[in-house]
Amino acid sequence: MRNAIVFGVVAILYAATAMPAAAICPHTKVVSISASCMDEACPPGLQAYWATIVNKFPYKLYVTYAFRAGERLSQIIPGGLELKPNSETRQAIGIGRAILPDEKQKARVGRLRILECGTDPQIRYKWRRG
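Reading guide: rules and limits
- Residues numbered from 1 in each chain as written.
- Predicted model: local features only at pLDDT ≥ 70, side-chain atom pairs only at ≥ 80, totals over all residues.
- Heavy atoms only, no water.
- Core = buried A, V, L, I, M, F, W, Y, C linked by side-chain atoms within 4.5 Å.
- Buried < 20%, exposed > 50% of the residue type's maximum accessible area, 1.4 Å probe, protein only.
- Helix = DSSP H or I, 4+ residues; strand = E, 2+ residues; numbered from the N terminus.
- Contact = heavy atoms within 4.5 Å.
- Disulfide = S-S within 2.5 Å.
- Pairing = 2+ DSSP bridges.
- Axes fitted to C-alpha atoms, helices over the stretch in contact; angles between N-to-C directions.
- Salt bridge = Lys/Arg side-chain N within 4 Å of Asp/Glu carboxyl O.

### What about the nonpolar core?
In globular proteins that are soluble, nonpolar side chains generally tend to be buried together.
Point 1. Core analysis: the largest hydrophobic core is formed by 17 residues, its most contacted members being Tyr 49, Phe 67, Ile 93 and Leu 112.
Point 2. If you list the elements that add at least two residues to this core, you get β2 (47-55), β3 (61-69), β4 (75-83) and β6 (111-118).
Point 3. Ranked by the residues each element gives to this core, the list is headed by β3, at 5 residues.
Point 4. With residues near it in sequence (within four places) discarded, Ile 93 still touches Tyr 49, Trp 50, Ala 51, Tyr 65, Phe 67, Ile 77, Leu 81 and Leu 112.

### A look at the state of the cysteines
Point 1. Under the definition given, this model contains 1 disulfide.
Point 2. Between the sulfur atoms of Cys 37 and its disulfide partner Cys 42 the distance amounts to 1.9 Å. One quick way to see it: the torsion about the S-S bond of Cys 37 and Cys 42 is about 75 degrees, and its sign makes the bridge right-handed.
Point 3. A residue is classified by how much of its surface remains accessible, and Cys 42, at 27% relative accessible area, is partly exposed.

### Some details on the sheet that holds strand β5 (residues 87-96)
Point 1. Sheet architecture is open: 3 strands sit in the order β1-β2-β5, paired in antiparallel fashion. Edge strands, defined here as strands with exactly one partner in the open sheet, are β1 (28-37) and β5. Going from strand to strand, the sheet's axes swing by 25 degrees on average, the running direction of each strand aside.
Point 2. In the sheet, β1 pairs with β2 via 9 bridges, with the strands oriented antiparallel. Paired with Ser 32 across the bridge in β2 is Thr 52.

### Some thoughts on the pattern of salt bridges
Point 1. Per the stated rule, a full pass over the model turns up 3 salt bridges.
Point 2. Across the salt bridge formed by Glu 82 and Lys 60, the nearest N and O atoms sit 3.3 Å from each other. In this pair, Glu 82 sits in strand β4 while Lys 60 sits in the loop between β2 and β3, placing the two residues 22 residues apart along the sequence.
Point 3. For Glu 82, a relative accessible area of 32% gives the class partly exposed.
Point 4. Relative accessible area serves as the criterion here: at 35%, Lys 60 is assigned to the partly exposed category.
Point 5. A salt bridge links Glu 116 to Lys 126, with the shortest nitrogen-to-oxygen separation between them at 3.0 Å. Taken as a pair, Glu 116 in strand β6 and Lys 126 in the segment after β6 lie far apart in primary sequence, 10 residues in all.
Point 6. Through salt bridges that share partners, Lys 60, Glu 82 and Arg 124 make up one connected network.

Encoded structure:
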């Protein structure tokens, strides 16, 4: 029994050192998503989408994300960002025609999902490969 516990702890420590990007992803959090009209009239004008993302990690992080907007979250905007260390920054995440509601909805219209993050700058370009 004792050997099994020691083996388990060693396996967990090995996995943590082998995958540093996976260990730091929990340090990010999407706080808010907003949109601002770029045309004379919205709808149907273009919207600029913004997200405020918190990075509690003491180093610069790079993320690949997917933003979903529109009715039934049908519009998907992929992208990548750079997050400053220990920051809460509002950044542009895309452009589209879907209006984001002013009030919070149970359906969570307009979602930003961080797909991957880490300290490797190439992570923010992974959405372009495919």
